[in-house]
Amino acid sequence: MHHFALRPALSALLLAALTTLAPATHAAASEEIGAVDTVFKLIGPDHKIVVDAYDDPKVAGVTCYVSRAKTGGIKGGLGLAEDRSEASIVCQATGPIQIPQPLRQQEEVFTERTSLLFKRLRVVRMVDAKRNTLVYMTYSDRVIEGSPQNSVTAVAVPPGTPIPLKK
């Protein structure tokens, strides 16, 4: 009977530990653009590929579109499944590009959890100052071991808009 009384305390302790251990993330909001089913699941949602849009929080006029697998079934429906590491990215100028503050040479701009505890999809922005271009790369990582699978895209900034860099 005592072990049932410990469950709320253990849950609260686990949540506090995970919150403390979780790295700071960027709160860039994603917008689901669409999804296609890839495998029918009798119970729970189907496996699918989703496409999400992310507006770069520091570069007005640039939107990144990321496609990735999303696991369905019972585990997927409960948020317990681990999604695959493969993802694809394309970023486009969707309006006039404006960079109000200097950018770091390399900076994580988006991150999204793809498993309950340990796996994240990340998007990093790199500045190619020589070519006045923003390069975006997506990859997946885990607490212990990440995946070398990645996808990269680039957005050329108009010549009249230099990219300010932090020193």
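Everything discussed here concerns the structure shown above.
A brief look at the structure comes next.

So, how was this worked out
- Residues numbered from 1 in each chain as written.
- Predicted model: local features only at pLDDT ≥ 70, side-chain atom pairs only at ≥ 80, totals over all residues.
- Heavy atoms only, no water.
- Salt bridge = Lys/Arg side-chain N within 4 Å of Asp/Glu carboxyl O.
- Helix = DSSP H or I, 4+ residues; strand = E, 2+ residues; numbered from the N terminus.
- Buried < 20%, exposed > 50% of the residue type's maximum accessible area, 1.4 Å probe, protein only.
- Polar contact = N/O pair within 3.5 Å; in protein donor to acceptor, adjacent residues only side chain to side chain.
- Disulfide = S-S within 2.5 Å.

### Brief notes about the pattern of salt bridges
Step number 1: Here the structure, examined in full by the defined rule, presents 6 salt bridges.
Step number 2: A salt bridge links Arg 125 to Asp 56, with the shortest nitrogen-to-oxygen separation between them at 2.9 Å. Taken together, the residues span a long stretch of sequence, with Arg 125 in strand β6 (residues 119-128) and Asp 56 in the loop between β2 (47-55) and β3 (60-70) at a distance of 69 residues. Pair check on accessibility: Arg 125 and Asp 56 agree, each one buried.
Step number 3: Salt bridges sharing common partners tie together Asp 56, Lys 58, Glu 107 and Arg 125.

### With respect to the side chain of Thr 133
Step number 1: Looking at the secondary structure, you find Thr 133 in strand β7 (residues 133-142).
Step number 2: Its relative accessible area of 12% is what places Thr 133 among the buried residues.
Step number 3: There is a polar contact of 2.9 Å between the side chain of Thr 133 and the backbone oxygen of Arg 131.

### A closer look at the state of the cysteines
Step number 1: A full pass over the atoms with the stated rule returns 1 disulfide.
Step number 2: A sulfur-sulfur distance of 2.0 Å marks the disulfide that ties Cys 64 to Cys 91. Looking along the S-S bond of the Cys 64-Cys 91 disulfide, the torsion reads about 105°, which is the right-handed sense. Of the two residues, Cys 64 is situated in strand β3 and Cys 91 in strand β4 (residues 87-98); the sequence distance between them amounts to 27 residues.
Step number 3: Of the residues examined, Cys 64 reaches a relative accessible area of 0% and is grouped as buried.

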